[in-house]
Protein chains: 2
Amino acid sequence: MQLRRDDVLRGARDLLDADGLDGLTMRKLGAVLKVQAGGLYWHFSSKQALLEALAGDLVAGVAETPPAGPWDQRIATLAHRLRRALLGVRDGARLVAETFVTQPTTVLAGRTGMRILIDDAGLSPEQAAWTVIALSHYVIGHTIEEQAPRLDWADKLAKAEQRIGDDLIHDLGAAITADPDRRFEFGLGLVLDGIRRRVEAGQP
Amino acid sequence: MQLRRDDVLRGARDLLDADGLDGLTMRKLGAVLKVQAGGLYWHFSSKQALLEALAGDLVAGVAETPPAGPWDQRIATLAHRLRRALLGVRDGARLVAETFVTQPTTVLAGRTGMRILIDDAGLSPEQAAWTVIALSHYVIGHTIEEQAPRLDWADKLAKAEQRIGDDLIHDLGAAITADPDRRFEFGLGLVLDGIRRRVEAGQP
DNA sequence: ACCTGAACACCGTTCAAGT
DNA sequence: ACCTGAACACCGTTCAAGT
């Protein structure tokens, strides 16, 4: 029963989900796939290459053209898809962040966003490019934090609140522990509003 | 000549700058400080704890209250300070991203931002908290990408451009390789515009 | 209090050799 | 073509023992 490239990727994905990015080692992956660790290097030239392939696969679906509709809704769809993709596996955002632009699938997703901003929203190609980049930075930043191990946050926040003794810290803590879906929506809305300003300025 | 906690932190910072986050090992740090690796565990309970202390120090200055002025300018100052802090050491953004909210200094920086948004811009405490969180996600996302090793980006982008054969990919590539300062400014402006919408909606 | 020495249980990667 | 076996040069962490 020989191993194919896709089997390795699937095994890596499962192991990532089980043990996290720091727990994903070539030796454990070998064990899962019933293969010596060294054998994996026939399929991938390095662990880094394997991780990049994994990251590429993760964001593969994002680039599909969203259904017709208002430009802001279509862009929101892309942003949601990217977040969903990153959330698809443990530490997905960290994984993708470290191999971001090098991935063809990421480039394609960026292009899809640009199309919408140019054709539907009327931005210049340059503006569109800068905008999709900024938006992706927000999505990735948010999702990294969302996926970060929350272990003892509550404790540390409570301590900070006590030490500083401030209502603002309490409100900040409440926001941090709030529903990530809603927090993402809020930040996305903020960025979209920023884009709207540009769009309106362009066609008054 | 005994080692103090601060000496360890300073050594770790230097080593981080020299070898990057993946190259920062307890054994190399021990060598730099003329100490056995195990000896470091008297000063820090784990490597993780050391990294967290390093991250905390890095963003320590961000929380200082910015000079008086329009609220958007003061918020921009905070965002620039955070980026500068992250750029202060190699892989600083990655380092901070993984230990983000647990750091008291980060909490303090968030509080400073909230003060401005509440007192100067007239947002509710809740809105202010959600806003500083979203903004910090953008800053961190941007800076992680900015600090990512660029090794063979140009090659891969050129290949993607060739393969897809699209002007949009060319424009996207140009944007990605553009001056990070200007790209950061653009994205920050986008988010600030989004906040302005909220502010105007709040006090029409 | 602060560190050494030495060990334990791991890593990624290479590469001759097997099938 | 695909993998084994074994090695190389590393890791983080613990802990008795030294000073």
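Treat the numbers as computed from the prediction; the structure is a model and nothing was measured.

Peer 1: Help me out: how do you make sense of the packing of helix 6 (residues 104-119) of chain A against helix 7 (residues 125-147) of chain A in this one?
Peer 2: Relative orientation and spacing of two packed helices are given, respectively, by the angle between their axes and the distance between those axes. Residues and elements named next belong to chain A. One can describe the packing of helix 6 onto helix 7 by two numbers: an axis separation of 9 Å at closest approach and a directional angle of 130°. One element, helix 6, and the other, helix 7, form an angle in the oblique class. Crossing of helix 6 over helix 7 shows right-handed handedness. Taken together, the residues of helix 7 that come into contact with helix 6 (itself represented by Gly110, Gly113, Met114, Leu117 and Ile118) are Pro125, Ala128, Ala129, Thr131 and Val132. A class-by-class count of the residues in the contact of helix 6 with helix 7 yields seven nonpolar, three polar and no charged.

Peer 1: Just to check I follow, could you spell out unusual backbone geometry for this structure?
Peer 2: The general pattern is negative phi for most residues beyond glycine and trans for most peptide bonds. For Lys34 of chain A, which is not glycine, the phi dihedral falls at a positive 60°. On the secondary structure map, Lys34 of chain A appears in the loop between helix 2 (26-32) and helix 3 (47-58).

Peer 1: What is the right way to read the relation of the copies chain A and chain B from this model?
Peer 2: One chain copy maps onto the other through a rotation about an axis and a shift parallel to that axis. Once chain A has been moved 0.0 Å along the axis and rotated by 180°, it coincides with chain B to within an RMSD of 0.0 Å. Read as a symmetry element, the transformation amounts to a two-fold axis. Comparing contact sets, 100% of the residues at the interface of chain A also lie at the interface in chain B, consistent with an isologous, same-surface contact.

Peer 1: Honestly, the protein's contact with DNA strand D in this entry has me stumped. Any pointers?
Peer 2: In the neighbourhood of DNA strand D, 18 residues make up the surrounding shell, with Gln36, Trp42 and His43 of chain A together with Arg27 and Tyr41 of chain B lying closest. Of all DNA strand D atoms lying within 4 Å of any protein atom, the proportion belonging to sugar or phosphate reaches 62%. At a separation of 2.5 Å, a base nitrogen of DNA strand D approaches a polar side-chain atom of Arg27 of chain B. The separation between a phosphate oxygen of DNA strand D and a polar side-chain atom of Tyr41 of chain B is 2.4 Å. It is helix 2 (residues 26-32) of chain B that provides the largest number of residues to the surface near DNA strand D, a total of three residues. Residues that form the surface near DNA strand D fall into these classes: six nonpolar, seven polar and five charged.

Peer 1: What's the story with the protein's contact with DNA strand C in this structure? I'm lost.
Peer 2: If you check the shell around DNA strand C, you find 18 residues, and the closest are Arg27 and Tyr41 of chain A together with Gln36, Trp42 and His43 of chain B. Protein-proximal atoms of DNA strand C, defined as those within 4 Å of the protein, fall in sugar or phosphate at a share of 61%. Between Arg27 of chain A and DNA strand C, the recorded distance is 2.5 Å, taken from a side-chain N or O atom to a base nitrogen. In this structure, a phosphate oxygen belonging to DNA strand C sits 2.5 Å away from a side-chain N or O atom of Tyr41 of chain A. The dominant element in the surface near DNA strand C, judged by the number of residues it contributes, is helix 2 of chain A, at three residues. Of the residues in the surface near DNA strand C, the class split is six nonpolar, seven polar and five charged.

About the cut-offs
- Residues numbered from 1 in each chain as written.
- Chains lettered and ligands numbered in written order.
- Predicted model: local features only at pLDDT ≥ 70, side-chain atom pairs only at ≥ 80, totals over all residues.
- Heavy atoms only, no water.
- Axes fitted to C-alpha atoms, helices over the stretch in contact; angles between N-to-C directions.
- Helix = DSSP H or I, 4+ residues; strand = E, 2+ residues; numbered from the N terminus.
- Parallel < 35°, antiparallel > 145°, perpendicular 65-115°, else oblique.
- Left-handed = near helix turned anticlockwise from the far one by under 90°.
- Contact = heavy atoms within 4.5 Å.
- Nonpolar A, V, L, I, M, F, W, Y, C, P; charged D, E, K, R; others polar.
- Least-squares fit on C-alpha atoms with pLDDT ≥ 70 in both.
- Near = heavy atom within 4 Å.
- Polar contact = N/O pair within 3.5 Å; in protein donor to acceptor, adjacent residues only side chain to side chain.

Purely geometric stuff here, so don't read any function into it on its own.
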